[in-house]
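The lines below spell out each chain.
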Amino acid sequence: MVTTRFDIEKFYGKMDFGLWRIKMKALLVHQGLVDALKGDSGESLITDGEESSSDAAERSKMMEKAHSAIILCLGDKALRKVSKESIA
């Protein structure tokens, strides 16, 4: 199994947020977590307008992984500002 590691400079609040956001989106796409950016609606996991309990659990796990990935790419100053947020 080949593991690829991507290093994204941590966001400290002084660099270009737009470029950092593009890099974070690319990282989430690569990790299969891009659906977390759709918010709580979970459009891609809902079938026939209803979300099953397994889909809800899968979505919750995906949101937690995306949240963690974003947290790990924030500098201390930026992290303090968003530390109380619970969703990506």
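One can find the structure itself at the top, above this paragraph.
Residues numbered from 1 in each chain as written. Predicted model: local features only at pLDDT ≥ 70, side-chain atom pairs only at ≥ 80, totals over all residues. Heavy atoms only, no water.

## Quick word on the nonpolar core
Ranked by internal contacts, the top residues of the largest apolar core, which has 16 residues, are I8, W20, M24, L28 and C73. Breaking this core down by element, the ones donating at least two residues are α1 (17-30) and α2 (53-72). Looking at this core, the element that brings in the most residues is α2, giving five residues. In contact with C73, not counting residues within four places along its chain, are I8, E9, K10, F11, W20, M24 and L27. (Core = buried A, V, L, I, M, F, W, Y, C linked by side-chain atoms within 4.5 Å. Buried < 20%, exposed > 50% of the residue type's maximum accessible area, 1.4 Å probe, protein only. Helix = DSSP H or I, 4+ residues; strand = E, 2+ residues; numbered from the N terminus. Contact = heavy atoms within 4.5 Å.)

## Quick notes on the packing of α1 against α2
At a minimum axis separation of 11 Å, α1 and α2 run at an interaxial angle of 140 degrees. Taken together, the axes of α1 and α2 lie oblique to each other. The hand of the α1/α2 crossing is right-handed. Residues W20, M24 and L28 of α1 form the contact with α2, whose participating residues are A66, A69 and I70. Considered class by class, the residues forming the contact of α1 with α2 number six nonpolar, no polar and no charged. (Axes fitted to C-alpha atoms, helices over the stretch in contact; angles between N-to-C directions. Parallel < 35°, antiparallel > 145°, perpendicular 65-115°, else oblique. Left-handed = near helix turned anticlockwise from the far one by under 90°. Nonpolar A, V, L, I, M, F, W, Y, C, P; charged D, E, K, R; others polar.)

## Side note on the packing of aromatic side chains
For the coordinates displayed, the defined rule picks out three aromatic pairs. A ring pair is formed by F17 and W20, whose centres lie 5.8 Å apart and whose planes are at 35 degrees; its orientation type is tilted. Here W20 and F17 lie together in helix α1, a separation of three residues that amounts to about one turn. Classification of F17 as partly exposed rests on a relative accessible area of 42%. (Phe/Tyr/Trp six-rings, centres within 6.5 Å; stacked < 30°, edge-to-face > 60°.)

## A word on the pattern of salt bridges
Under the defined criterion, the tally for this structure stands at one salt bridge. Close ionic contact of K38 with D35 constitutes a salt bridge, the shortest N to O distance being 3.5 Å. Overall, K38 belongs to the partly exposed group, its relative accessible area being 40%. (Salt bridge = Lys/Arg side-chain N within 4 Å of Asp/Glu carboxyl O.)

## Let's talk about α2
For α2, spanning 20 residues, the distance from its first C-alpha to its last is 29 Å, which sits close to the expected 28 Å at 1.5 Å a residue. Taken together, the buried positions of α2 are D55, R59, M62, M63, A66, H67, A69 and I70. End-on, the buried residues of α2 take up no more than an arc of 160 degrees, which puts them together on one face. Within α2, the exposed residues directed more than 90 degrees away from the buried face are S53, S54, K61, E64 and L72. The secondary structure elements touched by the buried residues of α2 are α1. (Expected span 1.5 Å × (residues − 1). Arc of directions from axis to C-beta.)

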